[in-house]
Each structure stands twice: as C-alpha cells, then as structure tokens.
Amino acid sequence: MPVPAHISDAPGSAVLSVALIDPDDQRRQKVAVALAEFQGTTVQEYSSFPPANLDALPRLLGQRYDAVLIDLDSDPEYAFDMVESLCATGSVTVMVYSAQSDLDLAIRFMRAGAREFLTLPLVRADIAGALGRVSIRHSATHHIRRTARKLFVFLGSKGGCGVTTIASNFAVALAQESGHKTLLIDFGLPLGDAAINLGMTAEYSTANAFQNSSRLDANFLCSLLARHSSGLSVLPAPGEFSPLQVPDEAIDKLLAVARQCFDYVVVDAGARIDLRGTALFEESAMLYLVTQVGVTELRNSNRLISQFFSNRGRKLQIVLNRYTPHALLFDDQQIDKALTRPAQWRIPDDYATARRTRNTATPVALEDSPISRAIRQMARTACGLPASPEKKRGFSLFRREFWSSARPSRETIESREG
Ligand SMILES: Nc1ncnc2c1ncn2[C@@H]1O[C@H](COP(=O)(O)OP(=O)(O)OP(=O)(O)O)[C@@H](O)[C@H]1O
Ligand SMILES: [Mg+2]
C-alpha cells in the first residue's frame, strides 16, 4: 500500500473534503493529483464555473466541503465574484491559485476573504501548509456543524431479499439528495457485492480495516475508501474468501471512526443478525428490515421483530421489497399481522430494471424507474427532506451531468431554473 503524505499541523482526526473548481482540464487534473497525495484529503473536481446565481453557492458548497479551491486564471473577475459570494457567509474555507505570483492579485483576493493564495506550479510544502491551516480551522469549527451523524443499517430477513440493491442505491441517493458526506460499508460475507452493484472496482475492503483495527483512524479509513461519481464513499466487502474472524470490538471501532468522519454512514448488513451485539444495532441507528412477501421471509421477519427489535419504535422501518399490490398469497392485513406492524416502505417488483442495471453495472439510483423513485423517497425522508422533490428546482449541484462520465470524479456546476 503506498504511503501518502501527511498534512502538516493537521490534528489528524478529520477527513478534509475539498472542491476543486477549474475549467482547464489539464491544469485542474495536475492540481487534483497534487492534492490527492495528502492523506485524509478527498477532492471533488468541478470542470466549470457555475453560470449564474452565485447566492446559492455558499449553501451548496458549504454543506458538502470543508474547503473550495478556485482557479483564478480562466476568468479572474468571475472567480472574484465567486470568492466574495462564498466568503460572505464564512461557511467554507476558500483558497485560490494562479500561475502569476502577483502580490496585488493576492491582496485583492485575500481582502475578498480567500484564506490561501497558491502559485502554480504547486509546491508540496505550500499545499501541506495550506491544508494544515484549513484542517485546524475546520476542527475548531467542527463542533458547531449542524449535520447529524446518522447510521442507517439495512438487514435482510433472509438471503437474497434485496438488501444490497436497496442499501447501495439508498446510499447513492442519500449522498446526492443531502449533499452531505456519506459512506457505504458492505458487511457482506463471505463476499459482498455492494461495489459491484454500483459498477465500482476498489483496491481495499473491510478486511484491511479489520486486519489493522488497532491503528484504524480517520486518515487510515479515508485511504481505504473508493469514491463513486455520486460523491458517495464506499468501503466494500472483501472480493476474496477470507478466513478472518472479526471480533465485535473491531466492528465497533470501524463504525465509530466512520461516524466521526462522515455525516451519514449506510451499512449493508446482509442477513447478519449475528452482529446484533455490535454498535450496528445500537439504539440510535436507523434499522431498515428488508423483506419480501413470502412465507419464509414473513416468518423470519416476525421472529426477528418480536425477539430482537420489538422495542425499537420508529428506529425500525420495514421495507417490503419486490412488492406487488394485490398479490394472491397475502393481503396487506395479513402482511401487517405477520410483521406485527405496518411496513413503512414498499419497493415495487421491477425485474426489467433490476436485470438491466445488473447487466450494465449501473446503479439503479442513477436511472429513473419505479425502484429508484421509491428508494429516493426513502433517502430524502432519511435526511429530513420531503419525500418528493418540489417541482421547481433552483441551482443544483446534485443533478449530475457526469453520472455516466468516464471520469467519475468530475462533475459540473450548473444552474437549473424551473
Ligand atoms: N425490487 C426489485 N425488483 C426486481 N428485482 C430485484 C429487486 N430488488 C432486488 N432484486 C434482484 O434480486 C436479486 C437479489 O438482490 P440483492 O443482491 O440486492 O439481495 P441481497 O439481500 O443483498 O442478497 P444476498 O443475501 O445474496 O446478499 C438481485 O438479482 C437483484 O437484482
Ligand atoms: Mg447482498
């Protein structure tokens, strides 16, 4: 495993997320590579400036990132307007760079609120210093962040119920809709397939986290994660059979570190009720029990709910997957009775979408379909938004034009009216 550089003076416990905005592809990629060398830093590239409505920029970028790094050379005046707008609320640290080491230019942008002025080509020590200062500032203001650190756990009443399909697409939709830092962890055993469902290949897995549990911290966790084009971070399950026996403490540690770094942590727990002694099932976690309307699935759900989860109240939500209204076997009353309570969510049986997205390794959440609409509603509700989006949308960072782009870390800032 390569050893990434450290951010000097950084407290070392937080992951820094940086939005990099530069319309010049070559220059932006060079800067992104330089930043990515620093352990604990995640970089999201934006290949265009927002065309209008800069008023919305602080809210949208401030929610998602700790720092924004802006190129000055493509359009200095527009960059100036962006810096002024972003700095007006102080919601995010702004840094700028230029190929000109021009003192007047630097003073002008610092007066507008930019915290760092970097000169190209970037010098490693300068980036380390700048990121270190951002990190210190970030940790000082961290305690007043308003986002709740929430854990969402998806458990199946039986293998094959659809836990991975729902958990992985819920995580994509949650990252997009909330705009907050979101992590998906796959606890699938012996081999998980959440990453495959999202069309991702990843170098590391939960096995690396568990094998090195004693030294697991935010920086180390961050170095294991794969990044999906939706902005979601993913820690997949191992892709090989592993004889590793994982103690409950190692699972608790991984969850604690993950919750320290991310606003939302989504877990694909498969059918692993054996993990019920771990922090996965602690009271504050939102547990989604995924089941289908079949004799065994409903019997299992009944036993799980009555033996283990009867006291969870609203922290247990039941998801009926592959649901077909008026199915011959059971009516809704019988389903409610078996489940001891009504199910909150119904995901339609949509074989065509499931098969197509599986064959093309495209996440369901990135297409419009009956399944994706239902899962998006779950995700919106989970992050406190109305289940259905309002018709009129303003400036949005989250309607990605680059979902199917060959370069997954690139996205564009765009303005959408109406
Ligand atoms: N709503 C749905 N409509 C149609 N097919 C679905 C739906 N949900 C899941 N499937 C399909 O069901 C199969 C099992 O789904 P999935 O892998 O998500 O289940 P799982 O509970 O994670 O299984 P495992 O126990 O193997 O981890 C997959 O082929 C998937 O495409
Ligand atoms: Mg699965």
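Given the structure is predicted, the values throughout are model-derived calculations rather than measurements.

About the thresholds
Residues numbered from 1 in each chain as written. Chains lettered and ligands numbered in written order. Predicted model: local features only at pLDDT ≥ 70, side-chain atom pairs only at ≥ 80, totals over all residues. Pairing = 2+ DSSP bridges. Helix = DSSP H or I, 4+ residues; strand = E, 2+ residues; numbered from the N terminus. Contact = placed C-beta atoms within 7 Å. Near = placed C-beta within 6 Å. Nonpolar A, V, L, I, M, F, W, Y, C, P; charged D, E, K, R; others polar. Right-handed = clockwise from strand over helix to strand, strands pointing away.

Considering the sheet that holds strand E8 (residues 226-227)
Now for step 1: A sheet is described by the order of its strands in space; here eight strands give the open sequence E8-E9-E7-E10-E6-E11-E12-E13, paired in mixed fashion. Strands with a single pairing partner mark the edges of an open sheet, and in this sheet they are E8 and strand E13 (345-348).
Now for step 2: The pairing of strand E12 (residues 316-323) with E13 spans four bridges and is parallel. For Asn 321, the partnering residue across the bridge sits in E13 and is Ile 347.

Digging into the environment of Phe 262
Now for step 1: Position of Phe 262 among the secondary structure elements: in the loop between helix H10 (248-261) and strand E10 (264-268).
Now for step 2: When the C-alpha atoms of Phe 262 and Val 15 are compared, they prove to be 8.4 Å apart, with 247 residues separating the residues in sequence.
Now for step 3: Those residues in contact with Phe 262, other than ones at most four positions away along the chain, are Lys 181, Thr 182 and Leu 183.

What about the site of ligand 1?
Now for step 1: Residues in close proximity to ligand 1 total 20 residues, the closest being Gly 159, Gly 162, Thr 164, Thr 165 and Ala 354.
Now for step 2: Secondary structure elements with two or more residues in the shell around ligand 1: helix H6 (163-178), E12 and helix H13 (351-360).
Now for step 3: Its residues assigned to classes, the shell around ligand 1 comprises seven nonpolar, nine polar and four charged.

As for the pairing of strand E5 (residues 116-119)
Look at any regular strand and the pattern is simple: side chains alternate between the two faces of the sheet.
Now for step 1: Two elements, strand E4 (residues 93-98) and E5, share four bridges in a ladder whose sense is parallel. Paired with Ser 98 across the two strands is Thr 119, which belongs to E5.
Now for step 2: Traced from E4 through helix H4 (residues 103-112) to E5, the parallel crossover comes out right-handed.

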